[in-house]
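# An overview of the molecular structure
In case you want the letters, here they are:
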Amino acid sequence: ARQKARGIMETQVELKLKASGDRKVTNHATSKGALGTDATVNDKNSFALSATRCKDKYKTSFCDNCYAEALERFPTIRNALEHNWQLIEPHLNSVTRLRKLLKPIIDDSVEQKLKRNVPPAKWTFRWFWDGEIPSRAFAQTMSVLAREYPLVKFWVYTRNFDVVPHLKADNLHVYLSTDIENWEWAKQVKNDNPHVMYAFNGLTWADTQQVAELCEEPRGLKCPELTGRVDLVEWSEQTTKQGKHIGEGACTACKYCTHGKGNVRFSASN
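Residues numbered from 1 in each chain as written. Predicted model: local features only at pLDDT ≥ 70, side-chain atom pairs only at ≥ 80, totals over all residues. Heavy atoms only, no water.

### Section: the overall build of the protein
Check the secondary structure of the protein and you find nine helices and eleven strands. Relative to the compact-globule value of 18 Å for 270 residues, the protein shows a C-alpha radius of gyration of 19 Å, a close match. Taken along its principal axes, the extent of the C-alpha atoms in the protein is 65 × 45 × 35 Å. Of all 270 residues assigned to the protein, the portion counted as buried reaches 47%. Surface accessibility of the protein: about 13700 Å² in total, with carbon and sulfur atoms responsible for 51%. Positive and negative side-chain charges in the protein, numbering 39 and 32 respectively, have mean positions lying 7 Å apart. (Helix = DSSP H or I, 4+ residues; strand = E, 2+ residues; numbered from the N terminus. Rg over C-alpha atoms; globule rule 2.2 N^0.38 Å. Buried < 20%, exposed > 50% of the residue type's maximum accessible area, 1.4 Å probe, protein only. Areas by Shrake-Rupley, 256 points an atom, 1.4 Å probe, with all protein chains shown as cover. Lys, Arg positive; Asp, Glu negative; His and termini not counted. Charge placed at Lys NZ, Arg CZ, Asp CG, Glu CD.)

### Focus: the confidence of the model for the protein
Predicted confidence across the protein gives a mean pLDDT of 94, with 95% of residues reaching 70 or more. Counting contacts from residues 7-13, a segment whose pLDDT is below 50, to residues more than four positions away or on other chains yields zero contacts. (pLDDT = per-residue confidence, 0-100. Contact = heavy atoms within 4.5 Å.)

### Section: the side chain of Glu72
One can find Glu72 in the loop between α2 (67-71) and α3 (75-88). This buried residue, Glu72, is left without a salt bridge; Arg78 holds the nearest opposite charge, at 6.8 Å. In this structure the side chain of Glu72 is engaged in a polar contact, spanning 2.8 Å, whose partner is the backbone nitrogen of Ala51. Not counting the four nearest positions on each side in its chain, Glu72 is found in contact with Ser50, Ala51, Thr52, Ile77, Arg78, Leu81 and Asp130. (Salt bridge = Lys/Arg side-chain N within 4 Å of Asp/Glu carboxyl O. Polar contact = N/O pair within 3.5 Å; in protein donor to acceptor, adjacent residues only side chain to side chain.)

### Examining unusual backbone geometry
Positive phi, close to 65 degrees, is recorded for Phe128, a residue that is not glycine. Along the chain, Phe128 falls in the loop between β4 (124-127) and α5 (136-148). Even without being glycine, Glu216 reaches a positive phi, approximately 55 degrees. The residue Glu216 is located in the loop between α7 (205-214) and β8 (221-222) in this model. Residue Glu216 is classed as exposed on the basis of its relative accessible area of 63%.

### Notes on the nonpolar core
If you look at the biggest cluster of nonpolar residues, it comprises 47 residues, and the most contacted ones within it are Phe47, Trp127 and Phe138. Tyr175, Met197, Ala199 and Cys223 belong to the second largest nonpolar core, which has twelve residues in total. (Core = buried A, V, L, I, M, F, W, Y, C linked by side-chain atoms within 4.5 Å.)

### Brief notes about empty space enclosed by the protein
Counted according to the given criterion, the structure contains one cavity of 30 Å³ or more. Put simply, the largest cavity is a space of about 30 Å³. Residue composition of the lining of the largest cavity, grouped by class: no nonpolar, four polar and two charged. (1 Å grid on protein atoms, 1.4 Å probe; cavity = no way out; pocket = protein on both sides within 12 Å on 5 of 7 lines; lining within 4 Å. Points joined across faces, edges and corners; volume = space filled by probe spheres on them. Nonpolar A, V, L, I, M, F, W, Y, C, P; charged D, E, K, R; others polar.)

### With respect to the sheet that holds strand β2 (residues 39-41)
For sheets, the rule is that strands pair by backbone hydrogen bonds, running either parallel or antiparallel. Strand order in the open sheet formed by four strands is β2-β1-β10-β9, and the pairing between neighbours is antiparallel. Each edge of the sheet is formed by a strand with only one pairing partner; in this case those strands are β2 and β9 (233-239). The sheet shows a mean angle of 35 degrees between the axes of neighbouring strands, taken without regard to direction. Here four bridges tie β9 to strand β10 (residues 245-249), and the two strands are oriented antiparallel to one another. Bridging from a neighbouring strand, Val233 pairs with Gly249 of β10. (Pairing = 2+ DSSP bridges. Axes fitted to C-alpha atoms, helices over the stretch in contact; angles between N-to-C directions.)

### Comments concerning the packing of aromatic side chains
Applying the stated criterion to the full structure yields 13 aromatic pairs. Measuring from ring centre to ring centre gives 6.0 Å for Phe47 and Trp127, while their planes differ by 75 degrees; the resulting arrangement is edge-to-face. With a gap of 80 residues between them, Phe47 in strand β3 (residues 46-47) and Trp127 in strand β4 connect regions that are remote in the sequence. Considered together, Phe47 and Trp127 belong to a single accessibility category, that of buried residues. Considering the side-chain rings of Tyr58 and Trp185, the 6.3 Å spacing of their centres and the 25 degrees angle between planes classify their relative orientation as stacked. Remark: Trp185 occurs in helix α6 (residues 183-192) and Tyr58 occurs in the loop between β3 and α2; sequence separation between them is 127 residues. Site record: aromatic cluster; members linked through ring pairs are Phe47, Phe125, Trp127, Phe128, Phe138 and Phe154. (Phe/Tyr/Trp six-rings, centres within 6.5 Å; stacked < 30°, edge-to-face > 60°.)

### A look at α5
The end-to-end C-alpha distance of α5, which contains 13 residues, comes to 19 Å, matching closely the 18 Å that a straight helix rising 1.5 Å per residue would cover. Packed against the buried residues of α5 are β3, α3, α4 (95-115), β4, β5 (153-158) and β6 (172-178). (Expected span 1.5 Å × (residues − 1).)

### Comments concerning the layout of surface pockets
Space inside the second largest pocket adds up to approximately 390 Å³. Taken together, 17 residues make up the lining of the second largest pocket; nearest its centre are His28, Arg116, Val118, Gln238 and Ile246. Among the secondary structure elements, those contributing two or more residues to the lining of the second largest pocket are β9 and β10.

Encoded structure:
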């Protein structure tokens, strides 16, 4: 009986999606030795699928510089993302099933923030640090969950412009990942969905400005973590009982994308 129970528990663990603990996004990190980029992330703050599952329709040559795909060379990351895909794929067209799969990772993220006394005003969760929104039903589920967790600021950068009309919630901020090859499509989607913003991409900052001008939009903020204005982890003077410094990721410290303040720019060369 004990072995059977253990087997059931192991199966339940395997049937859970795996959220990620991203330093740049974290609401709560603790230092490892000297203050720098090395940190322990104490909240699962994001979700992803493998970039290998991105559809060709949404790719441009800018995707050749995909930083997220480069991280998949690490087996632990690659296996976790593939695990997520295997659970998600059978239910790509069911909001009910997707909600059941995804809700526990939001619950866990909120619980971890509460455990570490993170003020609700700072709660954030990023969708798709790697990969893409795989279906319309998935996008609808993201909106459903945003409404269920109104205190959490959700945000996403996406190249799957087909699903953008289904991404609507006051606390879900949507950025069209736009470059020199897909700007016309992005501009049309923006015209039809005024609530979304642009994430202008290019090899250089000059490239990002050119794309913004083509879209006839304000060029927006250069990502301050890429320019060095904000550190990957911003450390506070506050420490744990063990003397470790407490910090937060660049995104939560900046608040620009998490709060949907406007267009933003990313340079691959940075």
